[in-house]
Amino acid sequence: MATGDAVVAPRLTRRLLDAHAHRVLSPAAPAQPHTDPRLRTLSEREHEVLVAIGKGWTNAEIAERLVLTESTVKKHVGRVLAKIGARDRIQAVITAYDAGLVRPRS
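Below is a summary of the structure that appears in this document. Computed from a prediction, not measured in an experiment: that's the story for all the values here.

Calculation criteria
Position numbers for residues start from 1 in each chain and track the written sequence from start to end. Restriction of local features to residues with pLDDT of at least 70 applies here, the model being predicted, together with a cutoff of 80 or more for giving and counting side-chain atom pairs; totals for whole chains, interfaces and linings are based on all residues. Side-chain measures were taken over the full set of non-hydrogen atoms in the model, leaving aside hydrogen atoms and water. Helix and strand assignments follow DSSP, with helices taken as H or I runs no shorter than four residues and strands as E runs no shorter than two, numbered in order from the N terminus. Two residues qualify as a contact provided that any one of their heavy atoms is within 4.5 Å of a heavy atom in the partner residue. Surface accessibility in these figures is a Shrake-Rupley result with a 1.4 Å probe; residues are shielded only by whichever protein chains are displayed. Here, the term nonpolar core denotes a set of buried Ala, Val, Leu, Ile, Met, Phe, Trp, Tyr and Cys residues that are joined through side-chain atoms within 4.5 Å. Relative accessibility thresholds used throughout: buried, under 20% of the residue-type maximum; exposed, over 50%; partly exposed, between the two (1.4 Å probe, protein chains only). Any pair of nitrogen or oxygen atoms within 3.5 Å is treated as a polar contact; in protein, a donor-acceptor pairing is required on top of that, and neighbouring residues in sequence qualify only through side-chain atoms on both sides. A pairing counts as a salt bridge when a side-chain nitrogen of Lys or Arg comes within 4 Å of a carboxyl oxygen of Asp or Glu. Note on aromatic contacts: the rings of Phe and Tyr and the six-membered ring of Trp form a pair at centre separations within 6.5 Å, being stacked when their planes are under 30 degrees apart, edge-to-face when over 60 apart, and tilted otherwise. Over a ring means this: the NZ of a Lys or the CZ of an Arg is within 6 Å of the ring centre and within 35 degrees of the ring normal.

Details of the overall build of the chain
And then number 1: Along its length, the chain carries five helices and zero strands.
And then number 2: The linear arrangement of helices and strands in the chain, starting from the amino end, is α-α-α-α-α.
And then number 3: In the chain, once contacts between residues fewer than 6 apart in sequence are set aside, the share between residues at least 24 apart is 71%.
And then number 4: Carbon and sulfur atoms provide 56% of the accessible area of the chain, an area that totals close to 6,600 Å².

Comments concerning the nonpolar core
And then number 1: Grouped together as the largest cluster of nonpolar side chains are 24 residues, with contacts concentrated most on Leu 50, Ile 62 and Ile 84.
And then number 2: Looking at this core, the elements that each hand over two or more residues are helix H2 (44-54), helix H3 (59-66), helix H4 (70-84) and helix H5 (89-98).
And then number 3: Excluding its chain neighbours within four sequence positions, the residues that come into contact with Ile 84 are Arg 38, Leu 39, Leu 42, Leu 50, Ala 92 and Thr 95.

Some words on H5
And then number 1: Considered for burial, the residues of H5 that qualify are Ala 92, Val 93, Thr 95, Ala 96 and Tyr 97.
And then number 2: Two or three places before Ile 90, at the opening of H5, Asp 88 has a side-chain oxygen 3.2 Å from that residue's backbone nitrogen.
And then number 3: One or two residues past the end of H5 sits Gly 100, with phi positive at roughly 80°.

Brief notes about the environment of Val 51
And then number 1: In this structure, Val 51 sits in helix H2.
And then number 2: Setting aside residues up to four positions removed in sequence, Val 51 forms contacts with Leu 101 and Val 102.

Some remarks on the pattern of salt bridges
And then number 1: Enumeration over the complete set of coordinates arrives at six salt bridges.
And then number 2: The shortest N-O distance in the salt bridge between Asp 36 and Arg 38 comes to 2.6 Å.
And then number 3: A relative accessible area of 10% places Asp 36 in the buried class.
And then number 4: With relative accessibility at 26%, the residue Arg 38 sits in the partly exposed group.
And then number 5: The residue Asp 98 makes a salt bridge to Arg 38 at a minimum N-O spacing of 2.8 Å.

What to know about the packing of aromatic side chains
And then number 1: Inspection of every chain in the model, using the stated rule, returns zero aromatic pairs.
And then number 2: One cation-aromatic arrangement involves Arg 65 over Trp 57; the distance from NZ or CZ to the ring centre is 4.3 Å.

This is the structure in C-alpha cells:
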C-alpha cells in the first residue's frame, strides 16, 4: 500500500546500500546485533526474516530459502516492521545494516 511514499524494489534497495553504505558505516565501531534494543523482542524466525530483508530478498525468495509459505513470510515481515518500529522495508534494511546483521558486499 503506497501512502505517498516512493516504492523501491528490494533488489534496488540492496544495490543502493551496497554502493553507498561504506560512506555511513564506521568499520572502526561495528554495531553488535545482540546489544541493539530494537532486536530484543524478535523471535529467532523474525530475526532470520529481518536478515533476509536486509539482504534485499523478496517475500518469494524468503519463503523459498526459509521453507515457508509467502503468506507466513508476509506475517513475519509485518511483525518485524512493527517490533523494530520501521515504517517500511527500506527502514528495515537500514535497521539490519545499522545493527550489523548485514554488511555491504565487496
